[in-house]
Amino acid sequence: MINFQYARASDVTDAIRQIAADPSAKFIAGGTNLIDLMKDDVEHPSRLIDISRLPLKTIEETSGGGVLIGALVPNSDLAYHPLIEQRYPLLASAILSGASQQLRNMASTGGNLLQRTRCFYFYDTVTPCNKRQPGSGCSAINGVNRINAILGTSEACIATHPSDMCVALAALEAKVHVTGPAGSRGIAFSDFHRLPGDTPERDTNLDAHEIITGVELPANGFSTNYSYLKIRDRLSYAFALVSVAAALEFDGDTIKDARLALGGVAHKPWRDKAAEAALIGQRADQTAFSDAASLLLREARGYAHNAFKIGLAHRAIVRTLGQAARATPQSQSIKKIR
Amino acid sequence: MTAYIGTATSRVEGRAKVTGEAKYAGEFNVSGLAHGHVVESTVAKGRITRIDTSAALRVGGVIDVLTHQHRPQMADTDESYKDDAAPETGSPYRPLYDERIMFSGQPVALVLAEDWETARFAASLVRVEYQSAPHVTDLHAQREKAFVVEKPEKPRGSAEKALAAAEVRHEAEYFIPTEHHNPMELFASTVTWDGGGKLTVYDKTQGVQNVQRYLCGVFNMRPEDVRVMSPFMGGGFGSGLRPQYQVVLAALAARALQRAARVVLTRAQMYTLGYRPATIERLAIGAKANGTLNAIAHEAIAVTSQFEEFSRNDTGWADLLYKSPNTRFVHKLARLDVPTSSDMRAPGAATGVYALECAMDELAVALKVDPVQLRLQCYSDRDQTADLP
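Now for a look at the structure at hand. (Residues numbered from 1 in each chain as written. Chains lettered and ligands numbered in written order. Predicted model: local features only at pLDDT ≥ 70, side-chain atom pairs only at ≥ 80, totals over all residues. Heavy atoms only, no water.)

Re the packing of aromatic side chains
All names here are of chain B. To keep it simple, the criterion reads: Pairing of aromatic rings covers Phe, Tyr and Trp, the last counted by its six-membered ring, and requires centre-to-centre distances within 6.5 Å; plane angles under 30 degrees mean stacked, over 60 mean edge-to-face, and any other angle means tilted. Helix numbers and strand numbers start at the N terminus; a helix is a DSSP run of H or I with at least 4 residues, a strand a run of E with at least 2. For a lysine, the NZ atom is tested; for an arginine, the CZ atom; a charge sits over a ring if that atom is within 6 Å of the ring centre and within 35 degrees of the ring normal.
Considering all chains together, one arrives at 8 aromatic pairs over all chains under this definition. Arranged with centres 6.2 Å apart and planes meeting at 80°, the rings of Y81 and Y97 form a pair that is edge-to-face. With Y81 in helix α3 (residues 78–81) and Y97 in the loop between α3 and β4 (100–101), the pair connects residues that are 16 residues apart, well separated along the chain. Put simply, the rings of Y93, F103 and F307 touch in pairs and so form one group of aromatic residues. The ring of F187 carries K204 above its face, with NZ or CZ at 5.0 Å from the centroid.

So this is what it looks like as structure tokens:
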């Protein structure tokens, strides 16, 4: 780990001023990812600007019937907040499937959006990695790529986004509130994270001197028919090989609205409007679910060690949609999959 | 004796361990202690062409950087590096000895500083250039080049003929990947410089006499000048049977600086020590339709390094477990560009019996009998090679 300066930000304006003044500075909130990356010599910021004391820790109802989550709300506070448990249980479930209680206590909402990939080569500083060192090459494409992406990959990068929370936020169509030197703006969740293309070093569309201030949930939380199913190598404290957030609304026996987002398969939480549209107007049966899964995975591409993810994702989508339709969401404490 | 059964008994060292009073090898403090951090090779095979330590040496608090070009003298014969638990055949690895790289993660420099954090930071500034050579680290890629090692179990009858004539035959291959040691306690050594060239060594080891004899060999020292202590161990499981390279590096540092020195490996560096070898196990079992076994053939191909031949007994277990008039056992080793494999909990048996029992289960399926019934029927009361109970 390199030596670095440490400073506290007094308010959001001060935080933006400080980050603009030092191009190699980084914000730190919970530090659950950044500190690891610094210890492993992947990140070497000259200065850490501590934003953990900024007043962004509230969860409030909005005038539009939604909820605004402050960027510094810890993941565990968010998951156990009554508004979230009752109206956005898909989000609560996704959060509780991730990391450990200790990490969730430290990790912030904004930081969760900005966590970096867990691709082995990103962390292994003696190997080429276009995300870590642009232009150096991708070691994963021809390397050990069991955990890597099957959708939206590029020749430059096949890393995945590691978050569970973001998969639910994508399904719920959250909006990310950011503030920068030019003022504040909102970014639709699907536009927040990027596909790797030929600039895999950029994970998000957050501009260099912008800070996330909050995440807004729309009024509809799909709180009746939802499920978050996470498939991983061990049942706890592991990243998803494939995860699925599913949410349905019914008109009698017919699907009126559908949301489907996948984690562990791409450089961003993966949503496919065509697959969702294909479910609308259908009855909730295996055929409809399987057709939607095939549609979502139509361009999936496996590499030497991760082709199994395509079949796994197909079955996980069918299973999660079934759980949502039956209103028997996957339990994150009793982990038996039904 | 009966009084103890069912009665909770505290371990004699239990209180010391839970209160932190128990001192482990990396926890003995003396004044003037130098802290070492290992710089590892980033290639698996080749040779070092250049080491630039200048940036590391400029860091405040750095005392020295030891390399194969800059270190106290070490012995130059294989015999001097052969510890009590070393494989019979081979040329033991010599830490920081010369420019040759034989495995990824091999120590190539030791940064010594006044505190561990400084040593770790300075280690990231050491620049090493290599001329790398093609390497092989995949057992499957090397299996055709595996060679047979002699084991005590001899063939009985003719397994080939019996298999060919078997009414029911089950053949299968099982793969056990490499299993690395990761006990709670990291490998660590603290070496104090006691004056007159004498050393006291606090080492994480399962054999203090082994370490003492080994260090005497490596540094050409007299036994009365090397005292090795290992009062507590945070998990051995076989990983501490052979002296590991950090004890050589810590002793090297103490001799170079003529002051106390400590080397603690990182968790990642624990993967550069001995490990349970990846093994391919091939089983062929022939049986009569009534479940009586006629033949068992068991072949194992296990990993060793390019420089030593480590093997345990994977294949002979069928002789002890199941009655069969015809048997054949073959144990092979494949050389990879990795550290030498080593003992880990039930070496040989854990891998060999796993494969044998999988094959018996699958044979039971082929015979359409209960797998427990099959074992009761085939169970042997005697070691069939040694003819002992």
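On we go from here.
Digging into the nonpolar core
Where we set the bar: Note on terminology: a nonpolar core comprises buried Ala, Val, Leu, Ile, Met, Phe, Trp, Tyr and Cys residues joined through side-chain atoms within 4.5 Å. Relative accessibility decides the category of a residue: with a 1.4 Å probe and only protein chains considered, values under 20% of the type maximum give buried, values over 50% give exposed, and everything between is partly exposed. Residues are treated as being in contact if the distance between any of their heavy atoms lies within 4.5 Å.
One finds L54, L78, L90, L91, L113, L169 and L217 of chain A to be the most contacted residues of the largest nonpolar core, which totals 53 residues. The dominant element in this core, judged by the number of residues it contributes, is helix α9 (residues 165–171) of chain A, at 7 residues. Aside from chain neighbours lying at most four places away, what touches L78 of chain A is I59, I69, V73, I84, L91, I95, T109 and M165 of chain A. Grouped together as the second largest cluster of nonpolar side chains are 41 residues, L110, M221, V226 and V247 of chain B included.

Observations concerning the interface of chain A and chain B
Cut-off, in case you're wondering: For any pair of parts, buried area is found by adding up, for both, the accessible area (1.4 Å probe) each one loses once the two are put together. Between Lys or Arg on one side and Asp or Glu on the other, a salt bridge is scored when a side-chain nitrogen of the former is within 4 Å of a carboxyl oxygen of the latter. Pairs of N or O atoms are called polar contacts if they sit within 3.5 Å, as long as, within protein, a hydrogen donor faces a hydrogen acceptor (for residues adjacent in sequence, only side-chain-to-side-chain pairs).
Taken together, the 5 residues of chain A in the interface contact 4 residues of chain B. For the chain A and chain B pair, buried surface summed over both sides reaches about 400 Å², with 60% attributable to carbon and sulfur atoms. The tally of links between chain A and chain B comes to 0 salt bridges. The tally of links from chain A across to chain B stands at 0 residue pairs in polar contact (both at pLDDT 80 or more).

Topic: the packing of helix α7 (residues 208–219) of chain B against helix α8 (residues 245–257) of chain B
Residue and element names in this part refer to chain B. What counts here: Each axis is a line fitted through C-alpha atoms, taken for helices only over the stretch in contact, and angles between the N-to-C directions span 0 to 180 degrees. By the definition adopted for this analysis, an angle is roughly parallel if under 35 degrees, roughly antiparallel if over 145, roughly perpendicular if from 65 to 115, and oblique otherwise. For any helix crossing, the convention is left-handed if the near helix is rotated counterclockwise from the far helix by under a right angle, and right-handed if that rotation is clockwise. Any residue outside Ala, Val, Leu, Ile, Met, Phe, Trp, Tyr, Cys, Pro, Asp, Glu, Lys and Arg is labelled polar, Gly included; the first ten of those are nonpolar and the last four are charged.
Their axes nearest at 11 Å, the elements α7 and α8 cross at an angle of 55°. With respect to their mutual orientation, α7 and α8 come out oblique. Where α7 crosses over α8, the handedness of that crossing is right-handed. Only V247, V248, A251, L252 and R255 of α8 make contact with α7, whose side of the interface consists of V211, Y214, L215, V218 and F219. For the contact of α7 with α8, a count of residues per class yields 9 nonpolar, no polar and 1 charged.

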